[in-house]
Amino acid sequence: MSSGLNVRKLLEGKVGEDELEHIPRAFEIIGDIAIVELDEVARKHAKLIADAIMQLNKNVKVVLNKVEDVSGKYRVPRYEVIAAKQNERNFSHIKKEFRPTKITETVHTEHGCKFLLDVSKVYFSARLSFERKRIAEMVRDGERVLVMFAGVGPFAIVIAKNANPAEVVGVELNPHAVEYFRKNVALNKVEDKVKVVEGDVAEIVPKLQYQFDRIVMPAPKDAPDYLEVALEKIKEGGMIHLYTFASEEEIESKDVVKRVEERCKKAGKKAEVVFFRKCGAVAPYHYRVVLDLKIG
Ligand SMILES: C[S@@+](CC[C@H](N)C(=O)[O-])C[C@H]1O[C@@H](n2cnc3c(N)ncnc32)[C@H](O)[C@@H]1O
């Protein structure tokens with residue numbers, strides 16, 4: 001994340017004073033791609049905004065405007081390209097077979113791992129980077145870890161690279177994400193640790209033969225619906241990291257915590273939320289929240 005205020009400053013005098021407040025304050029950077037969300041007014045100045053972003057962030061070579069927010073079961077947004085310096089993109093440090101070939105493809109680096117992905121085909125949030133490291137640091141030697149909704153593999157691979165688990169199993173439904181996940185396992189040389197499974201969590205997980213020490217559930221919005229599935233597969237004494245969505249009020253009153261503990265009780269499991277925190281706003285006064293649930 002970078003502050004859009006500097007972009008605004010760069011546009012002072014170039015756009016009308018009343019238009020300045022429409023220039024976005026924040027944007028996300030994935031690999032060498034910057035993603036902005038422009039309203040109708042800002043869109044008139046898309047080129048100027050993209051130039052300012054590229055001037056401020058020399059590593060950014062493509063600027064995309066999110067024209068439709070994440071939707072569908074794969075949680076994929078829709079973009080339009082507003083600027084690209086195609087011939088300045090440089091992936092020479094990446095082995096040939098893992099280099100991007102399309103404008104919306106890039107390689108994102110995080111915690112010593114590299115992720116090849118197409119932002120227009122898969123969900124990826126650079127904002128969850130802190131969470132991936134936080135969880136990797138909790139993983140003890142020899143743990144068996146399950147990552148539901150694994151995407152292109154960021155949680156699974158950061159854990160495999162930064163901790164010493166016995167195995168990490170990642171389950172993902174979107175076939176494009178699964179393809180990148182498999183490539184990323186090879187790109188990061190964690191084939192001996194990470195197993196990629198394509199399919200629906202609700203169908204795949206109940207069929208897995210063994211229990212896990214740790215289960216990571218990184219959204220989507222209806223992830224709590226899969227809590228019972230996770231509870232069936234967690235070892236006594238294990239931990240579930242559940243990402244869900246809550247309003248400021250539900251967080252303040254701890255209703256979000258009570259709701260989840262109650263669901264575990266209903267499923268016949270004793271669970272205690274030992275930690276929870278906001279990890280990013282999704283709408284005004286609405287947040288993505290992580291709950292660490294200790295089982296048994
Ligand atoms: C919010 S994303 C999380 C992606 C990734 N873990 C990350 O941190 O970037 C949710 C992911 O869950 C996948 N998904 C949605 N429903 C699913 C289901 N029933 N079973 C498996 N994966 C699912 C989507 O395709 C998407 O990649």
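Residues numbered from 1 in each chain as written. Predicted model: local features only at pLDDT ≥ 70, side-chain atom pairs only at ≥ 80, totals over all residues.

Turning to the domain arrangement of the protein, a few remarks are in order. Taken as a whole, the protein is organised into domain 1 (2–90) and domain 2 (126–295). Distance between the C-alpha centres of domain 1 and domain 2: 31 Å. Contacts between the two partners involve 6 residues from domain 1, matched on the other side by 5 residues from domain 2. Across the side of domain 1 that touches domain 2, the residue classes tally to 3 nonpolar, no polar and 3 charged. (Domains from an automatic or database assignment. Contact = placed C-beta atoms within 7 Å. Nonpolar A, V, L, I, M, F, W, Y, C, P; charged D, E, K, R; others polar.)

This part takes up unusual backbone geometry. One non-glycine residue, His111, lies in the positive phi region at around 45°. Tracing the backbone shows His111 in the loop between strand 6 (105–110) and strand 7 (113–118). (Helix = DSSP H or I, 4+ residues; strand = E, 2+ residues; numbered from the N terminus.)

Every one of the 23 residues lining the ligand counts as a neighbour, but Phe149, Gly151, Leu173, Asn174 and Ala219 are closest to it. Secondary structure elements with two or more residues in the shell around the ligand: helix 6 (154–162), strand 9 (167–172) and helix 8 (201–207). The residue inventory of the shell around the ligand, partitioned by class, reads 16 nonpolar, 3 polar and 4 charged. (Near = placed C-beta within 6 Å.)

Where a protein is soluble and globular, its nonpolar side chains tend to be buried together. Counting residues in each nonpolar core, the largest one holds 80 residues, and the members touching the most others are Ile53, Val63, Met148 and Ile159. Residues lining this core come from more than one domain, with at least three contributed by each of domain 1 (2–90) and domain 2 (126–295). Among residues more than four places away in sequence, those in contact with Ile159 are Ile135, Ala136, Val139, Val145, Pro165 and Val168. (Core = buried A, V, L, I, M, F, W, Y, C linked by C-beta atoms within 7 Å. Buried ≥ 20, exposed ≤ 12 C-beta atoms within 10 Å, placed from the backbone.)

It is worth spelling out the packing of helix 5 (residues 129–138) against helix 6 at this point. Helix 6 packs onto helix 5 with a crossing angle of 45° between their chain directions and a minimal axis gap of 9 Å. With respect to each other, helix 5 and helix 6 are oriented oblique. Here the hand of the crossing between helix 5 and helix 6 comes out right-handed. Residue-level inspection shows Arg132, Lys133, Ile135 and Ala136 of helix 5 in contact with helix 6, the latter providing Pro154, Phe155, Val158, Ile159 and Asn162. The residue inventory of the contact of helix 5 with helix 6, partitioned by class, reads 6 nonpolar, 1 polar and 2 charged. (Axes fitted to C-alpha atoms, helices over the stretch in contact; angles between N-to-C directions. Parallel < 35°, antiparallel > 145°, perpendicular 65-115°, else oblique. Left-handed = near helix turned anticlockwise from the far one by under 90°.)

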